[in-house]
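Summary of the model geometry
Residue-level listing of the chains:
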Amino acid sequence: MPKISDSRREERRRSILEAALRCFIRTGYQQTSMADIIAESGLSTGAIYNYFPSKRELIRGVAALVIGDRQIELASAASDHPVGPAEIATLLIEGVRAHAPVQALVQVWSEATVDTELRGLIQETIGGMRETIAGALEPWGRTHPERLPDGADPAEWAREVTPVVLALIPGFALQRTMFDDFDEERYLTGVGVLLP
């Protein structure tokens, strides 16, 4: 059997992750079975397990895909101009809103509180996003020293505020999942008001 190219292999891997993402959006992480993902992908069981031996590996891949795409969007915005906390939070929230399985994210975060392996996976995935956010905030801090506490080092300030900016995303996801009357647009407007 001929060996497939690296680009074709990556295409197939992404296709499987996108099928898993659609399933997680539709029924949530806990309720999605490997059989559901196999059916959604249209591939054979062997093809799926060749790329992802377990649902846990799939959620790791989906998280890396979703976060990786957000990192690319953030890096692209930051290449144009220094991006501040409100713009970063809004960009990431809009990306999660449009492309992430928000209900499944909440389920996975909840499960990670009692599952050390899953918690490690989340920490690993979010760690890269923290670095991306801090790296984007530092130039903004250098450009806007009047917005920083007196004498604050922009790099240190960026590291301090990164967890706060990042926390706005799970706050959005949790409220969107839990409250029927949650107003997504008002939340985004509030981010701009809170972080002018």
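Residues numbered from 1 in each chain as written. Predicted model: local features only at pLDDT ≥ 70, side-chain atom pairs only at ≥ 80, totals over all residues. Heavy atoms only, no water.

The subject of this paragraph is the overall build of the chain. Helix and strand content of the chain: 9 helices and 0 strands. Tracing the chain from N to C terminus, the helices and strands come up as α-α-α-α-α-α-α-α-α. With respect to the three principal axes, the spread of C-alpha positions in the chain is 65 × 45 × 30 Å. Counting all 196 residues of the chain, 40% fall into the buried class. Total accessible area on the chain is roughly 10800 Å²; 54% of this is exposed by carbon and sulfur atoms. Across the chain, the centroid of the 20 positively charged side chains sits 7 Å from that of the 28 negatively charged ones. (Helix = DSSP H or I, 4+ residues; strand = E, 2+ residues; numbered from the N terminus. Buried < 20%, exposed > 50% of the residue type's maximum accessible area, 1.4 Å probe, protein only. Areas by Shrake-Rupley, 256 points an atom, 1.4 Å probe, with all protein chains shown as cover. Lys, Arg positive; Asp, Glu negative; His and termini not counted. Charge placed at Lys NZ, Arg CZ, Asp CG, Glu CD.)

Our next topic: the nonpolar core. Soluble globular proteins: nonpolar side chains tend toward being buried together. Membership of the largest hydrophobic core comes to 56 residues, with the highest contact counts inside it found for F24, L58, I88, I93 and I133. Not counting residues within four places of it along the chain, the set of residues in contact with F24 comprises Y29, T32, I37, I59, V62, P101 and A104. (Core = buried A, V, L, I, M, F, W, Y, C linked by side-chain atoms within 4.5 Å. Contact = heavy atoms within 4.5 Å.)

With that settled, the discussion passes to helix α9 (residues 184-194). Within the sequence span of α9, burial applies to Y187, L188 and V191. On an axial view of α9, the arc spanned by its buried residues comes to 95 degrees, and they lie on one face. Of the residues in α9, the exposed ones pointing more than 90 degrees away from the buried face are R186, T189 and V193. In this fold, the buried residues of α9 make contact with α5 (85-99) and α8 (154-178). Two or three places before E185, at the opening of α9, D183 has a side-chain oxygen 3.1 Å from that residue's backbone nitrogen. (Arc of directions from axis to C-beta. Polar contact = N/O pair within 3.5 Å; in protein donor to acceptor, adjacent residues only side chain to side chain.)

Turning next to the side chain of T162. By secondary structure assignment, the location of T162 is in helix α8. Here T162 is in contact with R130, I133, A134 and L137, once residues within four sequence places are set aside.

Moving on, we come to the side chain of K55. With respect to the secondary-structure elements, K55 resides in helix α4 (residues 55-80). In terms of polar contacts, K55 uses its side chain to reach the backbone carbonyl oxygen of T32, at 2.8 Å. Non-local contacts of K55, meaning those with residues more than four positions away in its chain, are made with Y29, Q30, T32 and M34.

Coordinates in, geometry out; function isn't part of it.
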